[in-house]
Amino acid sequence: LLQYLQEIRQSRLSEGDDTKGLQSVENDITTALTALEKQKYQVAVIAAMKAGKSTFLNSIIGVDVLASETAACTICRTDVLHIPANQIPRLLEYRQGEREPVVIAKGNEGEIQQKFLVRTREIRETGNPDNTIRFEIEHPIEAINGLSSLAGFTLVDTPGPNEWESAQFNTVALKQTALEALRTCNAILFVLNYASYKDNAVSELFKDLVENRQEILESEKGKIYFILNKVDQKTEKDKDIDEVIQDLKRELSNFGFPNPMIYRASSRQGLLAKLIQQGKATESQKKDFKKFFSARYATENEEGDQVIPAPHKIAPQALIDSGIPTIQSTVIETITKNAGWNLLSDA
């Protein structure tokens, strides 16, 4: 619209029109666009330990940058801030009482992931003597590439209840920070493990939100999503996924979430498919993809032998089947509708 107005105005100027009216409209649109560029959009992601939250976040980011291991990794809030592709990724640590963050690592995702994991272990084992309150990873987020209006997009990784409990120091402040993130974010994603979505830790998390944080639920209606993760681990003996979703809907309704929005996801499949498509997958990641996901796309030749296509040939379909693109488009659409349109109207 701005470009169209500028073309009309140039044409009118050449005809001797002072175009003051058009200039006024053009100024308003420029103001709105500037406001949109500076707007912050935050999506909080929360889960009980081992629900596959880090892998889910990595699949949205498009690289293997957030650490995941057997022990709880998310000791405090971590913001993943979207930056342009030509900017150098960094890992920053913010400490209480200090204005400037400490640069822990910069460069490729492998180095950031390793140093982040080491630093997380240090904090957990030493009792957080530096009073670290949050981390920030500056990295391009593949899910919103090409959407200039979402330049201020941030994924907020918040620790779950059993991650707070596993720390050897007072985590009240960390818990408050995580709940504050839920209160202020544009959307909230709860990641649940397909195999253990009824675990006590998950129940405790919902109780905490429903009983003690009712205002979050009131203000965030229409912005809360549930991700049923690790659906690729379903075996022949397990319940059908649609059946599990219906059961989960009943459970969530009992917790106070009417008409919950539930999406199935295979985060590992989605992440590996993205990496293969982008030509960034390591040999180890390609082997994982072949081992766990390729067989599903096998075909039979004329002689009845199974033929498994090369990873790069099936990666596009595997990405779609992972459910990650659907989740991305749905959440981003909600954010742009709610936050972006309101801001544009104001401007």
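The coordinates are above.
Below is a short write-up of the structure. Residue positions are given per chain, counting from 1 as you read along its sequence in written order. Totals for whole chains, interfaces and linings use every residue, but because this is a predicted model, local features are given only for residues with pLDDT of at least 70 and side-chain atom pairs only at 80 or more, for both listing and counting. To get the side-chain values, all heavy atoms of the structure are used, and hydrogens and water are removed first.

## A closer look at the overall build of the protein
Argument step 1. Counting from the N terminus, the helices are DSSP H or I runs at least four residues long and the strands are E runs at least two residues long. In terms of helices and strands, the protein carries 13 helices and 11 strands.
Argument step 2. Three exposure classes are used, based on accessible area relative to the maximum for each residue type with a 1.4 Å probe and protein chains only: buried under 20%, partly exposed in between, and exposed over 50%. Across the 347 residues in the protein, those meeting the buried criterion constitute 48%.
Argument step 3. Whether two residues touch is decided by their heavy atoms; if any such pair falls within 4.5 Å, the residues are in contact. In the protein, the share of contacts with a sequence separation of at least 24, taken over all contacts with a separation of at least 6, comes to 75%.
Argument step 4. Calculation of accessible area relied on Shrake-Rupley with a 1.4 Å probe; when residues are assessed, cover is drawn exclusively from the protein chains displayed. Taken as a whole, the protein presents about 17,800 Å² of accessible surface, with 47% of it coming from carbon and sulfur.

## Brief notes about helix H9 (residues 241–255)
Argument step 1. To estimate the expected span of a helix, count its residues, drop one, and scale the result by 1.5 Å. Spanning 15 residues, H9 covers 21 Å between terminal C-alpha atoms, matching the ideal 21 Å at 1.5 Å per step.
Argument step 2. Along H9, the positions that sit buried rather than exposed are Ile241, Val244, Ile245, Asp247, Leu248, Leu252 and Phe255. In a view along the axis of H9, the buried residues occupy a sector of 165°, so they form one face of it.
Argument step 3. Counting of polar contacts relies on pairs of N or O atoms within 3.5 Å, with two restrictions inside protein: one atom must be capable of donating a hydrogen and the other of accepting it, and residues adjacent in sequence are counted only when both atoms are side-chain atoms. N-cap assignment for H9: the residue whose side-chain oxygen lies 3.1 Å from the backbone N of aspartate 242 is aspartate 240. This arc corresponds to the set of directions leading from the helix axis out to the C-beta atoms.

## Thoughts on the pattern of salt bridges
Argument step 1. What counts as a salt bridge is simple: a side-chain nitrogen of Lys or Arg found within 4 Å of a carboxyl oxygen of Asp or Glu. All told, the structure shown has 19 salt bridges when counted by the stated rule.
Argument step 2. Between arginine 90 and glutamate 138 there is a salt bridge, and its shortest N-O distance comes to 2.9 Å. Here arginine 90 is found in strand S3 (residues 90–95), whereas its partner glutamate 138 is found in strand S5 (residues 132–138), with 48 residues between them in sequence.
Argument step 3. By relative accessible area, arginine 90 is classed as partly exposed at 27%.
Argument step 4. Overlapping salt bridges bring together Glu93, Arg95, Arg119, Glu122 and Asp130 as one network.

## Focus: a negative patch on the surface
Argument step 1. The grouping of Glu300, Glu302, Glu303 and Asp305 at the surface amounts to a negative patch.
Argument step 2. Of the residues examined, aspartate 305 reaches a relative accessible area of 38% and is grouped as partly exposed. Only residues whose relative accessible area exceeds 30% and that form no salt bridge are eligible for patches; like-charged ones are grouped when within 9 Å, while nonpolar side chains (Val, Leu, Ile, Met, Phe, Trp, Tyr) are grouped when within 5 Å. When charges are counted, Lys and Arg are positive and Asp and Glu negative, with His and the chain ends excluded. Charge positions come from single atoms, namely NZ of Lys, CZ of Arg, CG of Asp or CD of Glu.

## Focus on the nonpolar core
Among soluble globular proteins, nonpolar side chains are generally buried collectively.
Argument step 1. With 38 residues, the main nonpolar core has Phe56, Phe153 and Leu155 as its most contacted residues.
Argument step 2. Breaking this core down by element, the ones donating at least two residues are strand S1 (41–47), helix H3 (53–61), helix H4 (109–126), S5, strand S6 (153–157), strand S7 (187–193), strand S8 (224–229) and helix H13 (324–346).
Argument step 3. Ranked by residue count, the leading element in this core is H13, at 5 residues.
Argument step 4. Excluding residues that lie within four positions of it along the chain, phenylalanine 56 makes contacts with Val45, Leu189, Val191, Ile227, Asn229, Ser267, Ile324 and Ile327. Put simply, buried Ala, Val, Leu, Ile, Met, Phe, Trp, Tyr and Cys residues joined by side-chain atoms within 4.5 Å make one nonpolar core.

## With respect to the packing of aromatic side chains
Argument step 1. Stacked, tilted and edge-to-face are the three classes applied to pairs of Phe, Tyr and Trp rings, where Trp contributes its six-membered ring and a pair requires centres within 6.5 Å; stacked means planes under 30 degrees apart, edge-to-face means over 60, and tilted covers the rest. The tally for this structure, following the rule as stated, stands at 5 aromatic pairs.
Argument step 2. Relative to phenylalanine 135, the ring of phenylalanine 116 has its centre 5.0 Å away and its plane inclined at 65°; by these criteria the two rings are edge-to-face. One end of the pair, phenylalanine 116, is in helix H4; the other, phenylalanine 135, is in strand S5, with 19 residues separating them in the sequence. Comparing phenylalanine 116 with phenylalanine 135, the two get one shared label, buried.
Argument step 3. Here phenylalanine 190 and phenylalanine 226 contribute two aromatic rings whose centre-to-centre distance is 5.3 Å and whose plane-to-plane angle is 15°, an arrangement assigned as stacked. Here phenylalanine 226 lies in strand S8 and phenylalanine 190 lies in strand S7, a separation of 36 residues in the sequence.

## With respect to the sheet that holds strand S4 (residues 102–106)
Argument step 1. Two strands pair under a simple rule: DSSP has to find at least two bridges between them. What the 9 strands build is an open sheet, ordered S4-S3-S5-S2-S6-S1-S7-S8-S9; its pairing is mixed. Looking at the sheet topology across the chains shown, the edges are occupied by S4 and strand S9 (261–264). Looking at each pair of strands side by side, their axes are set apart by 20° on average, direction ignored.
Argument step 2. Direction of pairing for S3 relative to S5: antiparallel, over a ladder of 6 bridges. Following the sheet pairing, leucine 92 is matched in S5 by glutamate 136. Geometry is summarised by axes, namely lines fitted to C-alpha atoms with helices restricted to the contacting stretch, and by angles between N-to-C directions that run from 0 to 180 degrees.

## Describing unusual backbone geometry
Argument step 1. Of note, asparagine 128 is a non-glycine position whose phi angle comes to about 60°, a positive value.
Argument step 2. Looking at the element boundaries, asparagine 128 is found in the loop between H4 and S5.
Argument step 3. For asparagine 128, a relative accessible area of 10% corresponds to the buried category.
Argument step 4. In this structure, lysine 230 is a non-glycine residue whose phi angle is positive, near 65°.

## A look at the packing of helix H10 (residues 267–278) against helix H11 (residues 283–292)
Argument step 1. Between H10 and H11, the shortest axis-to-axis distance is 10 Å and the interhelical angle comes to 130°. By the angle between their directions, the pair H10 and H11 is classed as oblique. As for the relative orientation of H10 and H11, their crossing is left-handed in sense. For the pair H10 and H11, contact is made by Arg268, Leu272, Ala273, Leu275 and Ile276 and by Gln285, Asp288 and Phe289, respectively. Here the word oblique covers every angle except those under 35 degrees (roughly parallel), over 145 (roughly antiparallel) and from 65 to 115 (roughly perpendicular). Take the far helix as your reference; a near helix turned counterclockwise from it by less than a right angle gives a left-handed crossing, and one turned clockwise gives a right-handed crossing.

No statement about biological role is implied by the geometric values presented.
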